[in-house]
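An overview of the molecular structure
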Amino acid sequence: MHIQWIVGSIFVILYTLTIIGLVLVIITENRNPLKTIPWVIVLLLAPGIGLLFYFFFGQDNRKQWIISRHSYKRIMKRLKESKLPQDSCRVTGSYQPLVTLLNNSNQSSLLYGSDIKIFTNGKDKFDDLLTEMENATHHIHLQYYIFYDDEIGNKIKSTLIKKVKEGIEVRILYDDVGSWKVKKRFFKGMRDAGIEVHAFLKVVFPIFTSKVNYRNHRKIVIIDGRIGYMGGMNIADRYTEGTSWGTWRDTHFKIQGKGVHGLQSAFLIDWYVVSKNLLNSKIYYPPAPVFNKDNILQIVTSGPVGQWRNLLQATIFVIANAKKYIYIQTPYFLPTEGLNQTLQTAALGGIDVRLMLPKHSDARTVNMASRSFIDDMVKAGAKVYFYKPGFLHSKLIVTDDALAIIGSANMDFRSFEHNFEINAFVYQQSFAIKMKKVFLQDMQHCERLVTARWLKRSAKQRIAESFMRLFSPLL
């Protein structure tokens, strides 16, 4: 009994010291107090469960580097060599601070002269993608959060196997958690055929790692360094066939020109992370023709490492500096406090703030939490629209007929703070107007939220929504 008492006492002391140590670590990380205090309370009141949850979801990895600075600079060197001198490629004065912000926080260069084609349905996007892959002459790079073993997934797989047999370099990155439902033999078949395939941040023992919380949500393709794709569509039949309860409305983009070099550098950095193979030859950055003299863009990546929250900071900047309107499409609306306040401030200031969300969602808990943020939005004067035909998965911000933000990031904690994302900031009036028209066309399939009716929701519904809002950073 005496030995058991000593062992038990030692365990309690070590456990207590561990909890106290974690509390001190959390405090000294100088996080937002709204995040720090809940973690401290959970660890002190429920140390067992709190320790487990903190290990999975609470660690701050921003000071970590997933790629050495030397390797990062070597890859980015090719991107910088391909762009025009800064003086030959400038945006209007009102957006120059945004350009500087993204350059300082993400080393995102201005890329000039690209052409961007818009896809608003999966069939058109995949038909075009398959055609361009058939025409590849040197390499095909694919990176998707989800790569399913279904009809469209096998069409792409067959095309890639055919191309690798022709001597084309084919590399695939898929997210290990996003593609959890896919059996290993699907990817093994491609590896056996000669395709280089890697899972991003592979989770070998899910219950013993915090990697499960940090996922690569990017969806990009680069073909021969001259054609690129980016946007919201993964590789899955639902993007062409919809779901049992409606269509799957999404947006994707085909880029030609120097913008492709920005996508290439993002892919090659992620490729080095998983393969430790540094690819920075000039052959991956071929000379790019000028397609559209008015088009200037920045390809911006973000993730749970590094000092800055690039996309969150840039989004807040764009909303705060809108002069006439700001239109937003997002499948999930779980804004940070800063973003929430900025949107409300813009609406109160007379800016035409419009937010389009799906009426029905693929994630009920996320949908409930999203609804809790709407009350103050509509009270501030923002207009909210619910897309009715199916699930709205499109990610878009367009403002003042001058700037459009397109890519993979949702308007939520997970995209801004936990996921590896990629967006393009397109400084072109004609493109912004095109994206505005896409938004307005989608509005025809929406029902506008009626403030008086919305605020009369039952107390039971409000409580459920508010409860789910507590978990917004984890959803």
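Reading the values: rules and limits
- Residues numbered from 1 in each chain as written.
- Predicted model: local features only at pLDDT ≥ 70, side-chain atom pairs only at ≥ 80, totals over all residues.
- Heavy atoms only, no water.
- Pairing = 2+ DSSP bridges.
- Helix = DSSP H or I, 4+ residues; strand = E, 2+ residues; numbered from the N terminus.
- Contact = heavy atoms within 4.5 Å.
- Axes fitted to C-alpha atoms, helices over the stretch in contact; angles between N-to-C directions.
- Buried < 20%, exposed > 50% of the residue type's maximum accessible area, 1.4 Å probe, protein only.
- Polar contact = N/O pair within 3.5 Å; in protein donor to acceptor, adjacent residues only side chain to side chain.
- Salt bridge = Lys/Arg side-chain N within 4 Å of Asp/Glu carboxyl O.
- Expected span 1.5 Å × (residues − 1).
- Arc of directions from axis to C-beta.

In space, the nine strands of this open sheet follow the order 1-10-19-17-16-11-13-14-20, with mixed pairing throughout. One side of each edge strand has no neighbouring strand; the edge strands of this open sheet are strand 1 (111–112) and strand 20 (446–448). Sheet topology note: the strand 10 (residues 296–302)/strand 19 (residues 421–427) ladder contains seven bridges and is antiparallel. Bridge pairing links V300 to N423 in strand 19. Taken strand by strand, helix 5 (residues 96–106) contacts strand 10, strand 17 (403–407) and strand 19, and its axis lies near 40 degrees from that of strand 10. The sheet strands contacting helix 16 (residues 429–443) are strand 11 (325–329), strand 13 (352–358), strand 14 (383–387), strand 16 (396–399), strand 17, strand 19 and strand 20, and the helix crosses strand 11 at an angle near 60 degrees.

Time to look at the side chain of S408. Looking at the element boundaries, S408 is found in the loop between strand 17 and strand 18 (411–412). Its relative accessible area of 0% is what places S408 among the buried residues. In this structure the side chain of S408 is engaged in a polar contact, spanning 2.6 Å, whose partner is the side chain of E421. Discounting chain neighbours no more than four positions away, the residues touching S408 are H217, R218, K219, G231, K395, E421, I422 and N423.

Scanning the entire structure with this criterion turns up 18 salt bridges. Note that E196 is salt-bridged to R171, the shortest N-O span being 3.4 Å. Within this pair, whereas E196 is found in strand 5 (residues 196–200), its partner R171 is found in strand 4 (residues 169–175), the two being separated by 25 residues in sequence. Residue E196 is classed as partly exposed on the basis of its relative accessible area, which comes to 34%. R171 sits in the buried class, given a relative accessible area of 5%. With a shortest N-O distance of 3.0 Å, K383 and D352 are connected by a salt bridge.

So, on to helix 10 (residues 259–275). The first and last C-alpha atoms of helix 10 sit 24 Å apart over 17 residues, in line with the 24 Å expected at 1.5 Å per residue. Taking burial as the measure, the 17 residues of helix 10 include 15 buried ones, the bulk of the element. The first or second residue beyond helix 10 is K276, which carries a positive phi of 60 degrees.

Before going further, it helps to examine unusual backbone geometry. A positive phi angle is found at D224, which is not glycine, with a value near 60 degrees. When you line up the elements, D224 lands in the loop between strand 6 (220–223) and strand 7 (227–231). If you check the backbone angles, D400 has positive phi at about 55 degrees while not being a glycine. Relative to the elements of secondary structure, D400 occurs in the loop between strand 16 and strand 17.

Right, let's talk about helix 8 (residues 184–192) for a bit. Here helix 8 has its buried residues at F186, F187 and M190. An end-on view of helix 8 places all buried positions within 85 degrees of arc, on one side of the element. Residues of helix 8 that are exposed and point over 90 degrees away from its buried face: K184, R185 and D192. Residues of helix 8 that are buried in the fold lie against helix 7 (151–165), strand 4 and strand 5. Of the residues flanking the end of helix 8, it is G194, one or two places downstream, whose phi is positive at about 110 degrees.

Turning to the sheet that holds strand 7, a few remarks are in order. Taken in spatial order, the seven strands of this open sheet run 2-9-7-6-3-4-5, and their pairing is mixed. Each edge of the sheet is formed by a strand with only one pairing partner; in this case those strands are strand 2 (115–119) and strand 5. For this sheet, the mean inter-axis angle between neighbouring strands, taken without regard to orientation, is 10 degrees. Where strand 4 meets strand 5, five bridges bridge the pair, whose relative direction is parallel. The partner of I172 across the bridge, within strand 5, is V197. Its contacts with the sheet place helix 10 against strand 3 (139–144), strand 4, strand 5, strand 6, strand 7 and strand 9 (252–256), and it is angled at close to 80 degrees to strand 5. Helix 16 contacts strand 2 and strand 9 of the sheet and is inclined by roughly 5 degrees relative to strand 2.

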